[in-house]
Amino acid sequence: MYAPHRVAALVDACLLPACDGDRLPGWIAEGLAGDMPGVVLYGQAPAGLRDAYPDALIGRIPSGGTASGLVEGEANLHLGVRPLRGVGATRAYVEGLQAHGVAAALGPFDGEPPLLPFAEGVAAGVRAVTVDTAAALGGPCVPELLRGQLGYDGVAVSGPLDASAVVDRWGVPGAAVLAWIAGLDLLRLGPGCGPGVHRAVHTAAARAVADGDLPAARLAEAATRVARLRRWAGDPGRIRRPAQFVQP
């Protein structure tokens, strides 16, 4: 049995909010000082972010696919790594990126062919896979294909839960609960999600755990995977000035 405060901590440990300005909203800053593992930046990095939260996941989607500026911009999670055509191309890109301390989030994975780039990513030790949220909620693509067929045991990341296709069908709190049930680990609260949505996700998750629909052990499993990614990405020994990696 998990106490309510423990469930709340697990929920926060599996949420990745977004900031689209040069200042962290108060609720995100409070979360980073507590259990939230990191933040996705859409704009300029807030001053002193890495100094204030040295072990946080700082995610970005670099324009044009260039990854060399991520380390210089204090980011350690590349959320825009696309599968590449050509045998060995995805594996080489993931290995090159992660050799310089930036965790790759390869995706979007929807369970549809071709699966070879994702198999290459898994073989390269890819640290995260971005899963198409609608595909995950509509079928067993995470447990059966990503975990089962491909043997992936890293972090499964959602797309932004404030996407209209998600909001219109499930709403953010409902989608969050269903995503955790479906096997996703780290859920992205997009820039349209504020403190009210954050509270609503907590309420929905607590109710789902109490009703037995969302096992607390599933949240604990997800939080463990996220913590492992966070330890890897926050290791200062991994961060060194990168070569220029440009994704085609």
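Just above, that's the structure.
In this numbering scheme, every chain counts its residues from 1 along its sequence in written order. Two thresholds apply to this predicted model, a pLDDT of at least 70 for residue-level local features and 80 or more for giving and counting side-chain atom pairs, whereas whole-chain, interface and lining totals are computed over all residues. Hydrogen atoms and water are omitted, and side-chain values are computed over all heavy atoms in the structure.

Novice: Can you walk me through the layout of surface pockets in this structure?
Specialist: Empty space left among the atoms is revealed by rolling a probe the size of a water molecule over them. Within this scheme a cavity is a closed region of a 1 Å grid, computed over the protein atoms alone, that accommodates a 1.4 Å probe without allowing it to escape, whereas a pocket is open but has protein on both sides within 12 Å along at least five of seven lines; lining residues each have an atom within 4 Å of a point. Grid points are joined across faces, edges and corners, and a volume is the space filled by probe spheres set on the points. One number sums up the size of the largest pocket: a volume of about 200 Å³. Among the elements that take part in the lining of the largest pocket, helix H6 (residues 116–123) stands out by supplying four residues, more than any other. A class-by-class count of the residues in the lining of the largest pocket yields eight nonpolar, one polar and four charged. Elements are defined by DSSP. Helices are runs of H or I of four residues or more, strands are runs of E of two residues or more, and each kind is numbered from the N terminus. In this classification, the charged set is Asp, Glu, Lys and Arg, the nonpolar set is Ala, Val, Leu, Ile, Met, Phe, Trp, Tyr, Cys and Pro, and all remaining amino acids, among them Gly, are polar.

Novice: Just to check I follow, could you spell out unusual backbone geometry for this structure?
Specialist: Glycine aside, residues mostly have negative phi, and peptide bonds are mostly found in the trans state. With omega at 5°, the peptide bond leading from Gly-107 into Pro-108 counts as cis. Inspection of the secondary structure assignment puts Pro-108 in strand S6 (residues 103–109). Across the junction of Pro-113 and Pro-114, the peptide omega takes the value 0°, indicating a cis bond. Tracing the backbone shows Pro-114 in the loop between S6 and H6.

Novice: Before we go on, may I ask you to explain the pattern of salt bridges in this structure?
Specialist: Opposite charge on two side chains permits them to pair, given that their charged atoms come into close proximity. By definition, a salt bridge exists where a carboxyl oxygen of Asp or Glu is found within 4 Å of a side-chain nitrogen of Lys or Arg. With the rule as written, the count across this model stands at nine salt bridges. The salt bridge involving Arg-225 is made with Glu-221; its shortest N-O contact spans 3.5 Å. Pair noted here: Arg-225 and Glu-221 are both in helix H12 (residues 216–233), with a separation of four residues, about one helical turn. On the basis of relative accessible area, Arg-225 is assigned to the buried category, the value being 9%. Classification of Glu-221 by relative accessible area gives partly exposed; the value is 38%. One continuous salt-bridge network, built from bridges that share partners, spans Arg-147, Asp-153, Asp-185, Arg-218, Glu-221, Arg-225 and Arg-228. Note on exposure labels: buried denotes an accessible area under 20% of the residue type's maximum, exposed denotes more than 50%, and partly exposed covers the range between, all computed with a 1.4 Å probe on protein chains only.

Novice: Hey, could you run me through the sheet that holds strand S2 (residues 18–19) in this one?
Specialist: Each strand in a sheet pairs with another by means of backbone hydrogen bonds, the pair being arranged parallel or else antiparallel. What the nine strands build is an open sheet, ordered S1-S9-S8-S7-S6-S5-S4-S3-S2; its pairing is parallel. Because the sheet does not close on itself, it has two edges, and the strands there are strand S1 (15–16) and S2. Pairing between two strands requires that DSSP report at least two bridges joining them. Examined bridge by bridge, strand S3 (residues 38–41) and strand S4 (residues 57–60) share three bridges and lie parallel to one another. Bridge pairing links Val-39 to Ile-58 in S4. Packing of helix H5 (residues 89–98) onto the sheet brings it into contact with strand S5 (77–81) and S6, and relative to S6 it is tilted by some 145°. When checking whether two residues touch, look at their non-hydrogen atoms; a contact exists if any pair is within 4.5 Å. Note on geometry: axes are lines fitted to C-alpha atoms, helical ones only across the stretch in contact, with angles between N-to-C directions running from 0 to 180 degrees.

Novice: So what exactly am I meant to see when it comes to the nonpolar core here?
Specialist: Most often, soluble globular proteins have nonpolar side chains that are buried together. In this description, a nonpolar core means a group of buried Ala, Val, Leu, Ile, Met, Phe, Trp, Tyr and Cys residues linked to one another through side-chain atoms lying within 4.5 Å. With 84 residues, the main nonpolar core has Val-39, Val-131 and Trp-180 as its most contacted residues. Looking at this core element by element, the count peaks at nine residues for H12.

Novice: Is there a simple way to explain the pairing of S6 in this structure?
Specialist: Within a regular strand, side chains alternate between the sheet's two faces. For S6, the buried fraction is high: six of the seven residues fall into the buried class. Bridge count for S5 against S6 is three bridges, and the pairing is parallel. Bridged to Leu-77 within S6 is Ala-103. The handedness rule is simple: strands pointing away from the viewer, and a clockwise path from the first strand over the helix to the second, make the crossover right-handed. For the handedness criterion, the β-α-β arrangement of S5, H5 and S6 is classed as right-handed.

Novice: Explanation requested: the packing of aromatic side chains in the structure shown.
Specialist: Within a pair of aromatic rings, the relevant descriptors are the distance that separates the centres and the angle that separates the planes. Think of it this way: a Phe, Tyr or Trp ring, Trp meaning its six-membered ring, pairs with another when their centres are within 6.5 Å, and the plane angle makes it stacked under 30 degrees, edge-to-face over 60, tilted otherwise. Counted by the stated rule, this structure contains one aromatic pair. Both rings, one in Phe-109 and one in Phe-118, keep their centres 5.0 Å apart while their planes meet at 80°; by these two values the pair is edge-to-face. With respect to burial, Phe-109 and Phe-118 carry one shared label: buried.

Novice: So what exactly am I meant to see when it comes to the environment of Leu-184 here?
Specialist: Relative to the elements of secondary structure, Leu-184 occurs in the loop between helix H10 (172–182) and strand S9 (186–188). Classification of Leu-184 as buried rests on a relative accessible area of 0%. The sequence separation of Leu-184 and Val-157 amounts to 27 residues, and the corresponding C-alpha distance is 6.2 Å. Filtering out sequence-adjacent residues up to four positions away, Leu-184 remains in contact with Val-131, Ala-136, Val-142, Ala-156, Val-157, Ser-158, Ala-179, Arg-218 and Ala-222.

Novice: In this structure, what is going on with the packing of helix H1 (residues 4–13) against helix H11 (residues 195–211)? I would like to understand it.
Specialist: Contact pair H1 / H11: the axes reach a minimum separation of 10 Å and the direction vectors enclose 125°. Compared by their axis directions, H1 and H11 come out oblique. Every pair of crossing elements has a handedness; the one defined by H1 and H11 is right-handed. Residues Val-7, Ala-8, Val-11 and Asp-12 of H1 lie in contact with H11, whose contacting residues are His-198, Val-201, His-202, Ala-205 and Val-209. Any angle that is under 35 degrees is reported as roughly parallel, and any over 145 degrees as roughly antiparallel; angles of 65 to 115 degrees are reported as roughly perpendicular and all others as oblique. For a crossing to be left-handed, the near helix must be turned anticlockwise from the far one by less than a right angle; the clockwise case is right-handed.

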